[in-house]
Amino acid sequence: MTRYDALVIGTGPGGAVTARALAEAGARVLAVEEGHWTEPGTVAPFSMDQMRRQYRNAGLTVAFGRPSVAYTEGMGVGGGSEVNSGLYHRPSRTLLDGWSRHWSIDGLTTGDLRPLSEAIEDEIGVRTLPWPMPASSQVLARGAEALGWRGFEVPRWADCREVDGQRIVEKQTMSVAYWPKAIAAGAELREGTRAVRLQLARGRARAAILEDVGTGALSRVAFDDVFVCAGAIHTPALLQRSGLGRNVGGNLSVHPTVKVTAEFDHVVNDPSDVPVYQVKEFGSRLSFGGSASRPALLALALSENWHEFREAMNRWPNLFVYYAAIQSAGRGRVRAVPGFRDPLVTYRITGDDHRLLQNGLARLMHLLRTAGATALYPSFRNAPKVTAPAGIARAAAAMSPSKSSLMTVHLCGTAPMGEDRRKCAVDSFGRLHTAPNVFVNDASMLPEAPGINPQGTVMAVAARNVAHYLSTR
Ligand SMILES: Cc1cc2nc3c(=O)[nH]c(=O)nc-3n(C[C@H](O)[C@H](O)[C@H](O)COP(=O)(O)OP(=O)(O)OC[C@H]3O[C@@H](n4cnc5c(N)ncnc54)[C@H](O)[C@@H]3O)c2cc1C
């Protein structure tokens, strides 16, 4: 049996950063990915085809609760980076200082992360658009400006250029920017391979049981160290299946999001555009932005009151979906269930969360009205159509917890890092407190959903952890 210096489980931003750094340092690395490799540029972004090929369970997954929160995860080489919007934020001093204090994390200042963030930004080409923002984003900017609210164009990791009058956008996903370099440095990558569990002996992980997803055949691989980077849902599930469940799986933290479709008297919807403007007037606790709004996704947003709302689909080019996202005080739990492939995921929205969502929905509708929306279609069960300012407060108040339809794409916190062993699963640099050669290096280790799009933070912290690992070996 081949023995590896390091096994990396999962190939999203956390796994890609980890495997590449290890391979470039000369380690013998095997990376396994349950999903498949999709050749960059061969699937239309935010299409049904993409949902089928690059999302887990075609995007249909739910954290049960009252209300439940639907969530989506990328699945395939590159993980979420392949399907996401590519919106980049650098973690702020306030965020890192707060985490360091509350979770007793060493070495997580902006000074520690800045050089790593800068290198990543350079690598994946983080920049704003070289042409005007899409109409759907200009709407938000106009509304924010009129109200005096703070907002800005969020830079993306995308190579955008104009060739012969044609706009070309090449997102710098992990399969574009990291995996080719990791493989060139010697990392071995096995797609369609699921890590079932780790085998332990004398307190250390010695091997992993792998499953060929196509045939179901099981195999065993041995390693010195293992980096679990299977994302905030599957990292805790794998650790629990391996008997490493201490402080693992609780503390799931997400950005619950409520949506509203806005109609304008002019065209705002170009299905190939990605909304880039975010309103941050209310700090990290409440933000507004645009969602992917291809016709099928528009129909989904309108489906909460399809009977009343469906005729709006006839004017779909004038429609766009916007969201209000909150930093939630609630928490969830991931539990591996014997005999089942997917874990059971639950989430508890608190009363304060619900009030903030209602408040966010009302403010977002106010913003969109100010920006010229002629009709608003909130996304909760049996929501009313809003055509006048007076209807806004009434509509937001009608969104009870049992009627709300929440979703999230930002999942964090299920193996939180820090030195407090009573609540942290891993130490300040990702090493499991209960097994010295098991590391977590993905969104699971962030102590909470950061109030910004998280991939930039996941990558910077993962780069820091793997550098620390290499320096102490
Ligand atoms: C639709 C969408 C839009 C988003 N938009 C943005 C955005 O604009 N900006 C931003 O910053 N963030 C965005 N995000 C979030 C961002 O993509 C995630 O925070 C990030 O991908 C998390 O990285 P990760 O390495 O923790 O896990 P993931 O990216 O989830 O990668 C984990 C990988 O592990 C694999 N895996 C799981 N279990 C196993 C197993 N047992 N064996 C082998 N492999 C396994 C999975 O298939 C997956 O490919 C978005 C996410 C989604 C889904």
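These numbers were taken from a predicted model, which means no experiment stands behind them. (Residues numbered from 1 in each chain as written. Predicted model: local features only at pLDDT ≥ 70, side-chain atom pairs only at ≥ 80, totals over all residues. Heavy atoms only, no water.)

Caption draft 1: Just the pattern of salt bridges, in detail. Taken as a whole, this structure holds 23 salt bridges when the rule is applied. For Glu188, the salt bridge is made with Arg190, and the minimal N-O distance between the two is 3.5 Å. Here Glu188 falls in the partly exposed class, since its relative accessible area comes to 32%. Between Glu263 and Arg315 there is a salt bridge whose closest N-O contact spans 2.5 Å. Here the residue Glu263 occupies a position in strand β14 (residues 257-263), and Arg315 occupies one in the loop between α10 (306-309) and β17 (319-326), the gap between them amounting to 52 residues. Taking relative accessible area as the criterion, Glu263 reaches 8% and is therefore assigned buried. On the basis of relative accessible area, Arg315 is assigned to the partly exposed category, the value being 29%. (Salt bridge = Lys/Arg side-chain N within 4 Å of Asp/Glu carboxyl O. Buried < 20%, exposed > 50% of the residue type's maximum accessible area, 1.4 Å probe, protein only. Helix = DSSP H or I, 4+ residues; strand = E, 2+ residues; numbered from the N terminus.)

Caption draft 2: Just the domain arrangement of the protein, in detail. According to the domain assignment, the protein consists of domain 1 (3-37 + 76-125 + 173-248 + 412-472) and domain 2 (127-169 + 256-408). Computed from C-alpha atoms alone, the centre-to-centre distance between domain 1 and domain 2 is 30 Å. Between domain 1 and domain 2, the contact holds 28 residues from the first and 23 residues from the second. Summing both partners gives a buried area of about 2,000 Å² for domain 1 against domain 2, and 53% of it is carried by carbon and sulfur. On the domain 1 side of the interface with domain 2, the three residues burying the most area are Leu87, Gly125 and Gly451, jointly 23% of the side's total. Seen at the junction of domain 1 and domain 2, the total is 3 salt bridges. Between Arg331 and Glu448 there is a salt bridge, with the nearest N and O atoms lying 3.5 Å from each other. Considering every element that reaches the side of domain 1 that touches domain 2, the biggest residue donor is helix α8 (residues 231-241), with 7 residues. Split by residue class, the side of domain 1 that touches domain 2 holds 11 nonpolar, 12 polar and 5 charged. (Domains from an automatic or database assignment. Contact = heavy atoms within 4.5 Å. Buried area = accessible area lost by both parts, 1.4 Å probe. Nonpolar A, V, L, I, M, F, W, Y, C, P; charged D, E, K, R; others polar.)

Caption draft 3: Fine view of the sheet that holds strand β7 (residues 156-163). A sheet is described by the order of its strands in space; here 3 strands give the open sequence β5-β7-β8, paired in antiparallel fashion. The open sheet terminates on both sides in strands that have one partner only, identified here as β5 (126-127) and β8 (166-171). In this structure, β7 lies alongside β8, joined through 6 bridges in antiparallel fashion. Across the sheet, the residue bridging to Cys160 is Val169, located in β8. (Pairing = 2+ DSSP bridges.)

Caption draft 4: Seen up close, unusual backbone geometry. In this chain, Arg66 is followed by Pro67 through a cis amide linkage whose omega measures 5 degrees. Non-glycine residue Ser104 carries a positive phi angle of around 50 degrees. Note on placement: Ser104 falls in the loop between α3 (93-103) and α4 (110-124). With a relative accessible area of 32%, Ser104 lands in the partly exposed category. At Asn247, a position not held by glycine, the phi torsion is positive, near 60 degrees. Its location among the elements puts Asn247 in the loop between α8 and β13 (253-254).

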